[in-house]
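# Coordinates in review
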Amino acid sequence: MTTGTEEPTLTIDELAARAGMTVRTVRFYGTKGLLPPPVLGPRRVGHYGREHLARLELIEELQRQGLTLAAVERYLHRLPPGVDAQDLAVHRAVVASWAPEAVETVTRAELEQRAGRELSDEDVERLARMGFVEYVGPDVRIDTGLLRLGVRLLEMPLSQEAILAAREVLIAHSRAAAHELAQLFRGEVAERAASDVKSLSAEMQPLVVQALLTTFQRSMQQELRAWVKAAEGEEPE
């Protein structure tokens, strides 16, 4: 796990397990320059952190979308310097938003393999209550695009009630934003040919998703900074 100071504390075996990859694959990405070098600890043992895991998850998502390794390299090399785990998560969210719903029924062992970690009965039950998995006899049905999100939420110091309430807030506001934007764009293209409308829709969707994610991320950062300052007794800006 990563400490509160975000110091890299994962061994390469732990990193590979969390990412659902083999150690050989992780080493390969490192040699290709897709993964920053680890921090060397005592006895020159390499340690990895959240940024490494976030990069591996982004690589996996890009490949799920059909990108070749060369295309993945170009994508990662175009990222701005200093990009952190949160920024990488936003990039992955943008990429994942184009993936079709991928629902599969898997065994418990396969579920843990997809999750990249061991899951207790309580963990699986929590995932089910949050809607990330659904029991189908002895097996479970999962949405492969959302499973990792659910596993991350298991590690958050939040109650299930808070997570479910947050989900309802996000769904309600996302639907409202999507409806208002659709109405706005519909008015702009009302007089155009059907082919033009379809083309504009395809072009606008990725721009809108990226704008929403970026705007939300920055707004959330502002809220968290104000929260921290209030906790420390400082006046918010």
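One can find the structure itself at the top, above this paragraph.
Quick look at the structure, then. Within each chain, residue numbers correspond to sequence positions counted from 1 in written order. Local features in this predicted model are restricted to residues whose pLDDT is 70 or higher, and side-chain atom pairs enter the listing and the counts only when it is 80 or higher, whereas totals over whole chains, interfaces and linings include all residues. Note that water and hydrogens are dropped before the side-chain values are worked out from all heavy atoms of the structure.

## A word on the overall build of the protein chain
Stated precisely, the cut-off is as follows: Every helix listed is a DSSP run of H or I at least four residues long, and every strand listed is a run of E at least two residues long, numbered separately from the N terminus. Partly exposed describes any residue whose relative accessible area lies between the buried limit of under 20% and the exposed limit of over 50%, with all areas from a 1.4 Å probe on protein chains only and scaled to the type maximum. Contacts were defined at the residue level, with two residues in contact if any of their heavy atoms lie within 4.5 Å.
Secondary structure summary: the protein chain contains ten helices and five strands in total. For the protein chain, the proportion of its 237 residues judged to be buried stands at 27%. Residue pairs in contact within the protein chain that sit at least 24 positions apart in sequence constitute 62% of those at least 6 positions apart.

## Structural notes on the side chain of E73
As for its position among the elements, E73 is in helix α4 (residues 69-77). Those residues within four positions of E73 in sequence are excluded, and the remaining contacts are K32 and L34.

## With respect to the pairing of strand β4 (residues 133-136)
When a strand is regular, its side chains alternate between the sheet's two faces. Test applied: DSSP bridges decide pairing: two strands pair if at least two such bridges lie between them.
One ladder, built from four bridges, connects β4 with strand β5 (residues 139-143); its direction is antiparallel. The residue bridging E134 from the neighbouring strand is R141, located in β5. The turn joining β4 and β5, which pair antiparallel and follow one another in sequence, is formed by two residues; a positive phi near 65 degrees is taken by G137.

## Quick word on the packing of aromatic side chains
Formally: Each Phe, Tyr or Trp ring, with Trp reduced to its six-membered ring, pairs with another whose centre is within 6.5 Å; inter-plane angles below 30 degrees give stacked pairs, above 60 give edge-to-face pairs, and intermediate values give tilted ones.
Summed over all chains, the structure comprises one aromatic pair. Seen from their ring centres, F28 and Y29 are 5.9 Å apart, and the 50 degrees between their planes marks the pair as tilted. F28 gets classed as partly exposed once you look at its relative accessible area, which sits at 40%.

## Re the pattern of salt bridges
To be explicit about the condition: The salt bridge criterion pairs a side-chain nitrogen of Lys or Arg with a carboxyl oxygen of Asp or Glu, the two atoms within 4 Å.
A full pass over the atoms with the stated rule returns twelve salt bridges. Between R55 and E51 there is a salt bridge, and its shortest N-O distance comes to 3.2 Å. Highlighted residues: R55 and E51, both in helix α3 (residues 50-64), separated by four residues, approximately one helical turn. Linking E125 and R129 is a salt bridge whose minimum nitrogen-to-oxygen distance equals 3.8 Å. Of this pair, E125 and R129 are both found in helix α7 (residues 121-129), four residues apart, which corresponds to roughly one turn of the helix. Linked by salt bridges that have partners in common, R18, R117, D123 and E155 make up one network.

## Digging into the sheet that holds β5
Basically, it comes down to this: Here the axes come from fitting lines to C-alpha atoms, over the contacting stretch only for helices, and the angles between their N-to-C directions go from 0 to 180 degrees.
The strand order β3-β5-β4 describes an open sheet built from three strands, whose pairing is antiparallel. Whereas interior strands pair on both sides, the edge strands pair on one side only; in this sheet they are β3 (103-106) and β4. Each strand of the sheet is rotated relative to its neighbour by a mean of 25 degrees, with strand direction disregarded. Where helix α8 (residues 144-154) meets the sheet, it contacts β3, β4 and β5, and its direction lies at approximately 100 degrees from that of β5.

## A few points about the nonpolar core
If you look at soluble globular proteins, the nonpolar side chains tend to sit buried side by side. Filter applied, for reference: In this text, buried Ala, Val, Leu, Ile, Met, Phe, Trp, Tyr and Cys residues form a nonpolar core when linked through side-chain atoms within 4.5 Å.
Ranked by size, the top nonpolar core spans 25 residues in total, and within it L15, V26, L56, L58 and L76 carry the most contacts. In terms of nonpolar packing, the next biggest core, distinct from the first, is built from 16 residues, V106, L119, F132 and V140 among them.

## Examining the packing of helix α1 (residues 12-19) against helix α2 (residues 23-31)
Under the convention used in this document: Should an angle fall under 35 degrees it is taken as roughly parallel, and over 145 as roughly antiparallel, whereas 65 to 115 is taken as roughly perpendicular and any remaining angle as oblique. When residues are sorted by character, Ala, Val, Leu, Ile, Met, Phe, Trp, Tyr, Cys and Pro go into the nonpolar class, Asp, Glu, Lys and Arg into the charged class, and all the rest, Gly among them, into the polar class.
As a packed pair, α1 and α2 sit with axes 9 Å apart at the nearest point and diverge in direction by 100 degrees. Between α1 and α2, the angle falls in the class roughly perpendicular. Touching I12, D13, L15 and A16 of α1 are V23, V26 and R27, all from α2. Class assignment of the residues belonging to the contact of α1 with α2 gives a composition of five nonpolar, no polar and two charged.

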